[in-house]
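# Summary of the model geometry
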Amino acid sequence: MTIDIISYTDSQYALLTEEQLLEVKSAQLKKNKLDADLEEALLKEKHRLVDNGIFFSNIWKLQAEKLQAQHDLEVENLRESLLFYLRFSSKSESTETNNLPYTPNYALTMEERFYQVRDAYMSTYTNAQERFTAYKADAVAPTYLGEYYAPLYDYISTYV
């Protein structure tokens, strides 16, 4: 199964509990069903318009856009719900936060966490290789940052 409802790395998936993985799987299956329902609805609408002889009018484009927008909204709601669940159920069980250049604050939004961790690593480590090595060794960051872990990994690695 391809998981495209959220963009986690394999190492982040490995850190999830069985319950969290089941939630991800459930959300992905719901998204897949929404995708299939959209295709079916588009095909049904296309056939209806062809049968009525008005397929080549602007009605098809408007109906397709309407169905796609409704689908995208439902998928985004599903995605946000899953991320919310993962955000508050992924509090690190590790108490090894003494060596981190930042203090995890789970009340922050994911974007605020991204900037907090990025700024902490950028200001704490002047050597790019040390910074990258420290970030890779950070056991809290993958769960603390969620989908923002990989972009920050890429950002920090560009300096090496």
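Presented here is an overview of the structure given in this document. (Residues numbered from 1 in each chain as written. Predicted model: local features only at pLDDT ≥ 70, side-chain atom pairs only at ≥ 80, totals over all residues. Heavy atoms only, no water.)

Quick look at the packing of aromatic side chains now. One pass over the structure, following the stated rule, counts 16 aromatic pairs. Geometrically, the ring pair formed by Y102 and Y121 is tilted, given 6.1 Å between the ring centres and 55° between the ring planes. One end of the pair, Y102, is in the loop between α3 (58-89) and α4 (110-124); the other, Y121, is in helix α4, and 19 residues separate them in sequence. Judged by its relative accessible area of 4%, Y102 is buried. With a centroid separation of 5.8 Å and 15° between ring planes, the pair formed by Y121 and Y125 is classed as stacked. In terms of burial, Y121 and Y125 fall into one category: buried. (Phe/Tyr/Trp six-rings, centres within 6.5 Å; stacked < 30°, edge-to-face > 60°. Helix = DSSP H or I, 4+ residues; strand = E, 2+ residues; numbered from the N terminus. Buried < 20%, exposed > 50% of the residue type's maximum accessible area, 1.4 Å probe, protein only.)

Nonpolar side chains tend toward joint burial in soluble globular proteins. By size, the foremost hydrophobic cluster in this structure holds 18 residues, and its most contacted members are Y102, V117, Y121, Y135, Y144, L145 and L152. Broken down by secondary-structure element, the contributors of at least two residues to this core are α4, α5 (128-137), α6 (141-145) and α7 (149-157). Tallying contributions element by element places α4 first for this core, with four residues. Residue contacts for Y121: discarding those within four places in its chain leaves L100, P101, Y102, R131, A134, Y135, D138 and I156. By size, the runner-up hydrophobic cluster in this structure holds 13 residues, among which are I6, Y8, L78 and L86. (Core = buried A, V, L, I, M, F, W, Y, C linked by side-chain atoms within 4.5 Å. Contact = heavy atoms within 4.5 Å.)

Before going further, it helps to examine the packing of α4 against α7. Packing of α4 against α7 leaves a shortest axis separation of 11 Å and a crossing angle of 25°. Judged by the angle between their axes, α4 and α7 are roughly parallel. Between α4 and α7 lies a crossing of right-handed hand. Contact residues: α4 offers F114, V117, R118, Y121 and M122, while α7 offers P151, L152, Y155 and I156. Its residues placed into classes, the contact of α4 with α7 shows eight nonpolar, no polar and one charged. (Axes fitted to C-alpha atoms, helices over the stretch in contact; angles between N-to-C directions. Parallel < 35°, antiparallel > 145°, perpendicular 65-115°, else oblique. Left-handed = near helix turned anticlockwise from the far one by under 90°. Nonpolar A, V, L, I, M, F, W, Y, C, P; charged D, E, K, R; others polar.)

Enumeration according to the criterion identifies eight salt bridges in this entry. Among the salt bridges present, the one from K31 reaches D35, with a minimum N-O distance of 2.8 Å. Pair noted here: K31 and D35 are both in helix α2 (residues 18-51), with a separation of four residues, about one helical turn. A relative accessible area of 22% means that D35 is categorised as partly exposed. Here E45 and R48 are joined by a salt bridge, their closest N and O atoms 2.6 Å apart. Taken together, the residues E45 and R48, both in helix α2 and three residues apart, mark about one turn of the helix. (Salt bridge = Lys/Arg side-chain N within 4 Å of Asp/Glu carboxyl O.)

All right, on to the environment of D4 then. Tracing the backbone through its elements, the reader meets D4 in the segment before α1 (10-15). D4 sits 96 residues away from L100 along the chain, and the two C-alpha atoms are 30 Å apart. If we skip the residues at most four places from it in the chain, D4 touches Q28 and K31. Here the side chain of D4 touches Q28 through a polar contact of 2.8 Å, side chain to side chain. (Polar contact = N/O pair within 3.5 Å; in protein donor to acceptor, adjacent residues only side chain to side chain.)

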